[in-house]
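These are the residues of each chain, in order.
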Amino acid sequence: MTTTKSKKVNVPKSAKKVLEKLCAQGIVDTSEVKVALLKSRKWEAIKLPPHEIIAKCQLPHKNTGKIIDQSFMMHWLGEEAQLDVVEIDPLKIDVEKVTQIMSLAFAQRNGILAIEVNKFGIVIAVSWPNEESWRASLEQVINKPIRVVLASPEEIRRYQKEFYRLSHSVKGADVEHVKRSDVNNFEQLVELGGSGEVDANDQHVVRIVDWLLQYAFDQRASDIHIEPRRDVGNIRFRIDGLLHSVHEFSAAITSAIIARFKILGRMDIAEKRKPLDGRIKTKLQDGKEVELRLSTLPTAFGEKLVGRIFDPEVVLKSFSELGLTGDDEHTWHQLVRKPNGIVLVTGPTGSGKTTTLYTTLKTLANSEVNVCTVEDPIEMVEPSFNQVQVQHETGVEFASGIRALLRQDPDIIMIGEIRDKETADMAVQAALTGHLVLSTLHTNDAPTAISRLIELGVPPFLLNATLLGVVAQRLLRTLCPHCKQPATIDDADWKLMSENLSVDKPEQTYGPVGCNVCRKTGFLGREGIYEMMPFSKALSLLVSENKPLEYIRDKAIAEGMKPLALAGIEKVRNGHTTLQEVMRVVGIASSN
């Protein structure tokens, strides 16, 4: 048997000894030690590790004055013990494998947690380096090399509970030797001698769904994807615009998880042959409410479910927090403060159009105006709006909903999306009769929205009479402020990006590095880039003359419209993102 032996390290085992060492190294002032020792007694009584106790004492660093926190103590201890310090990332851990290494009782008793199992051995996270009495007994059982790393005691305690609770729930919910029998599985595999399904109300399934929801909220996910395959179901989260694999469950458990979501969303769990919509409102432990919009879709191996997560606080964000600043913000306010007309927001799915409209409506809504929306579905429930849900089964469509709203004395109408001629005609009619209409279109840029409306059947003279402006937008991942570092722009990429743009190359740019805060991705959060096109008299004249789209685009740029690519370059210049990220979002292939 091959093992990786521990290095001999000299790390004191008490808070008092650690404080003395910090004092000897010039990190803590002598006068602070006595105060810390008095504070540490209550935490020593509950047997917290020394470095965690010192972090809780909130001592100032002798040289920098900064508070000595858990992160500082972890890295100090890592250097002293010659161990790598890690932050446990649950998205990268195979819970089923790591929980098979040892029992929960063994893990808790020794303050350890297995975090990786691979062909080279096992990685064990410890909260204190000197305590390795567990090692010999574990090596005898697993017969694999062990690598020890240092992790936060708080993280170890948390994930001990979460991982083993999830593992227990999965084992309890799974049915041995069961293959799901499902009418929606186009490649149905029948195993003779066994049949059965997992109950969606089974307490194990309930706990798994609760874990998934809490997990998604903790990881800042915007979407939860539950995707059935022949033998397993994949769980993926969309974080900052990109999908990350989270976990795999058996087909039976996946089906039960989807059924549980459908129950919570008040959907028909017996209906698996057609797409369904639902919504869930949840309350977190801190009292914060979060809404989920659910959507199911029949696929080859059963129902696929996507839950889109909406944070109600998003409508409380300022335009600058969304990325709409400077001249763009001023132009936007000018457009939406007009008493009547149509303002359009365009972009692909997931580009932040709805967030922009909700934030705008929130700023416009007051006791003096009647704000109404027609949506399919209602994205976020907002008490200051009068929201109408499109219901195809009862005949409430966008056009009929707008027609009904016009009899409700509205001042501002938001239409979820202009999809067809009838909806476009009703939007124009509403604008002509003195209402401000906000809506979305799926086009690649702002000028294309004009040709799209004409294709839908809106006559140019009515377009000229009602359209106030068009805004195209995208969402860029922003660099993590905790770890970004100066970087250089690839000349080939800059040539591709700056083609047809009169712009100088940024002198100073930044690139992603990766740290514990951003989960080693180098990016943290997203913000918008905007292409503002007020519909001027010059543009309306080009529309009347039936000029090609290129003429309209060139004229809009001449009048001051910044293309999305140029708006993205400004974000690069300001150190908010990278050129590669802008190229990805605006659809320009990198040279690398």
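Residues numbered from 1 in each chain as written. Predicted model: local features only at pLDDT ≥ 70, side-chain atom pairs only at ≥ 80, totals over all residues. Heavy atoms only, no water.

Student: Report on the overall build of the protein, specifying residues and quantitative values.
Tutor: Tallying secondary structure elements over the protein gives 22 helices and 18 strands in all. Summarising its shape, the C-alpha atoms of the protein cover approximately 85 × 70 × 50 Å along the three principal directions. A buried classification covers 51% of the 592 residues belonging to the protein. In the protein, of all internal contacts separated by at least 6 residues, the share reaching a separation of at least 24 is 65%. Surface exposure of the protein reaches about 28900 Å², of which carbon and sulfur atoms provide 49%. The average position of the 74 basic charges and that of the 77 acidic charges among the side chains of the protein differ by 6 Å. (Helix = DSSP H or I, 4+ residues; strand = E, 2+ residues; numbered from the N terminus. Buried < 20%, exposed > 50% of the residue type's maximum accessible area, 1.4 Å probe, protein only. Contact = heavy atoms within 4.5 Å. Areas by Shrake-Rupley, 256 points an atom, 1.4 Å probe, with all protein chains shown as cover. Lys, Arg positive; Asp, Glu negative; His and termini not counted. Charge placed at Lys NZ, Arg CZ, Asp CG, Glu CD.)

Student: Pulling in residues and values, what's your account of the pattern of salt bridges?
Tutor: A full pass over the atoms with the stated rule returns 26 salt bridges. For Glu 271, the salt bridge identified is with Arg 273, shortest N-O distance 3.6 Å. By relative accessible area, Glu 271 is classed as buried at 14%. In this structure, the salt-bridge partner of Arg 452 is Glu 455, at a minimum N-O distance of 3.9 Å. Separated by 3 residues within a single helix, Arg 452 and Glu 455 lie in helix H16 (residues 448-455), roughly one turn from each other. Residue Arg 452 is classed as partly exposed on the basis of its relative accessible area of 29%. (Salt bridge = Lys/Arg side-chain N within 4 Å of Asp/Glu carboxyl O.)

Student: Mind laying out the sheet that holds strand E2 (residues 121-126), listing which residues take part and the relevant values?
Tutor: Pairing is mixed in the open sheet, where 3 strands are placed in the order E1-E2-E3. Two strands close off the open sheet at either side, each with one partner strand: strand E1 (112-118) and strand E3 (146-150). Neighbouring strand axes in the sheet, compared pairwise and without regard to direction, differ in orientation by 25° on average. Two elements, E2 and E3, share 5 bridges in a ladder whose sense is parallel. The partner of Ile 124 across the bridge, within E3, is Val 148. Its contacts with the sheet put helix H7 (residues 135-142) on E2 and E3, and the angle it makes with E3 is roughly 135°. (Pairing = 2+ DSSP bridges. Axes fitted to C-alpha atoms, helices over the stretch in contact; angles between N-to-C directions.)

Student: I'd like a rundown of the packing of helix H9 (residues 203-218) against helix H10 (residues 251-264), residues and numbers included.
Tutor: How two helices sit against one another is set out by the angle between their axes and by the gap between those axes. Where H9 contacts H10, the axes come no closer than 10 Å and their chain directions differ by 75°. Classified by the interaxial angle, the pair formed by H9 and H10 is roughly perpendicular. Here Val 205, Val 206, Ile 208, Val 209, Leu 212 and Leu 213 of H9 come into contact with H10, specifically with Ile 253, Ala 256, Ile 257, Arg 260, Phe 261 and Leu 264. Split by residue class, the contact of H9 with H10 holds 11 nonpolar, no polar and 1 charged. (Parallel < 35°, antiparallel > 145°, perpendicular 65-115°, else oblique. Nonpolar A, V, L, I, M, F, W, Y, C, P; charged D, E, K, R; others polar.)

Student: Outline helix H12 (residues 326-336), supporting the account with residue identities and numerical values.
Tutor: Buried within H12 are the following residues: Asp 328, Thr 331, Trp 332, Leu 335 and Val 336. The buried residues of H12 occupy an angular sector of 125° when the element is viewed end-on, so they sit on one face. With respect to the buried face of H12, the exposed residues turned more than 90 degrees away are Gly 326, Asp 327 and His 330. (Arc of directions from axis to C-beta.)

Student: Could you give an account of the sheet that holds strand E14 (residues 436-441), naming the residues involved and the relevant values?
Tutor: With mixed pairing, the 7 strands of this open sheet are ordered in space as E12-E11-E13-E14-E10-E15-E18. Each edge of the open sheet carries a strand with a single partner, namely strand E12 (386-389) and strand E18 (523-534). Averaged over all pairs of adjacent strands, the angle between their axes in this sheet comes to 20°, without regard to strand direction.

Student: Tell me what's going on with the nonpolar core, and back it up with residues and numbers.
Tutor: Here is a general trend for soluble globular proteins: nonpolar side chains tend to be buried in one another's company. Core analysis: the largest hydrophobic core is formed by 83 residues, its most contacted members being Met 102, Ile 124, Phe 237 and Phe 261. Counting residues per element, this core draws most heavily on H9, which supplies 9 residues. Ile 342, Ala 424, Ala 431 and Val 543 belong to the second-largest nonpolar core, a separate cluster that totals 55 residues. (Core = buried A, V, L, I, M, F, W, Y, C linked by side-chain atoms within 4.5 Å.)

Student: Which residues make up H7, and what are the values?
Tutor: Because each turn of an α-helix spans 3.6 residues, side chains separated by three or four positions in sequence point in the same direction. Here H7 has its buried residues at Arg 135, Leu 138, Glu 139 and Ile 142. In a view along the axis of H7, the buried residues occupy a sector of 100°, so they form one face of it. Exposed side of H7, more than 90 degrees from the buried face: Gln 140 and Val 141 are the residues found there. Among the structural elements, helix H6 (104-110), E2 and E3 are those in contact with the buried residues of H7. Just past H7, the residue Asn 143 takes up positive phi, approximately 55°.

Student: So, the packing of helix H21 (residues 564-573) against helix H22 (residues 579-586): which residues are in play, and what are the values?
Tutor: At a minimum axis distance of 9 Å, the contact between H21 and H22 shows a crossing angle of 160°. Of the possible angle classes, the one that applies to H21 and H22 is roughly antiparallel. Along this stretch, H21 crosses H22, giving a crossing that reads as right-handed. On H22, the residues touching Leu 564, Ala 565, Gly 568, Ile 569 and Val 572 of H21 are Leu 579, Val 582 and Val 586. (Left-handed = near helix turned anticlockwise from the far one by under 90°.)

Student: An account of the packing of aromatic side chains is requested, with residue identities and associated values reported.
Tutor: With the rule as written, the count across this model stands at 4 aromatic pairs. Measuring from ring centre to ring centre gives 5.6 Å for Tyr 215 and Phe 237, while their planes differ by 75°; the resulting arrangement is edge-to-face. With a gap of 22 residues between them, Tyr 215 in helix H9 and Phe 237 in strand E5 (residues 232-239) connect regions that are remote in the sequence. The exposure classification of Tyr 215 matches that of Phe 237, with both residues buried. An angle of 45° between the planes, with centres 6.0 Å apart, marks the rings of Tyr 358 and Phe 385 as tilted. In this pair, Tyr 358 is assigned in helix H13 (residues 353-364) and Phe 385 in the loop between strand E11 (371-375) and E12, connecting sequence segments 27 residues apart. Among the aromatic side chains, those forming a connected cluster through ring pairs are Trp 211, Tyr 215 and Phe 237. Stacked on the ring of Phe 523, the Lys or Arg Arg 477 has its end atom at 4.1 Å from the ring centre. (Phe/Tyr/Trp six-rings, centres within 6.5 Å; stacked < 30°, edge-to-face > 60°. Lys NZ or Arg CZ within 6 Å of the ring centre and 35° of its normal.)

Student: With reference to specific residues and values, describe unusual backbone geometry.
Tutor: Notably, Gln 82 is not glycine yet its phi reads approximately 55°, a positive angle. Looking at where Gln 82 falls in the secondary structure, it is placed in the loop between helix H4 (70-81) and helix H5 (95-98). Even without being a glycine, Asp 409 presents a positive backbone phi close to 50°. When you line up the elements, Asp 409 lands in the loop between helix H14 (398-405) and strand E13 (412-415). On the basis of relative accessible area, Asp 409 is assigned to the exposed category, the value being 61%.

Student: Let's hear about the side chain of Glu 375: which residues, and what values?
Tutor: Checked against the element boundaries, Glu 375 lands in strand E11. Within the buried core, Glu 375 has no salt-bridge partner, and the shortest N-O distance to an opposite charge, that of Arg 279, equals 7.5 Å. Dropping the residues within four chain positions of it, Glu 375 is found in contact with Tyr 358, Gln 387, Val 388, Gln 389, Val 390, Phe 398, Met 414 and Gly 416.

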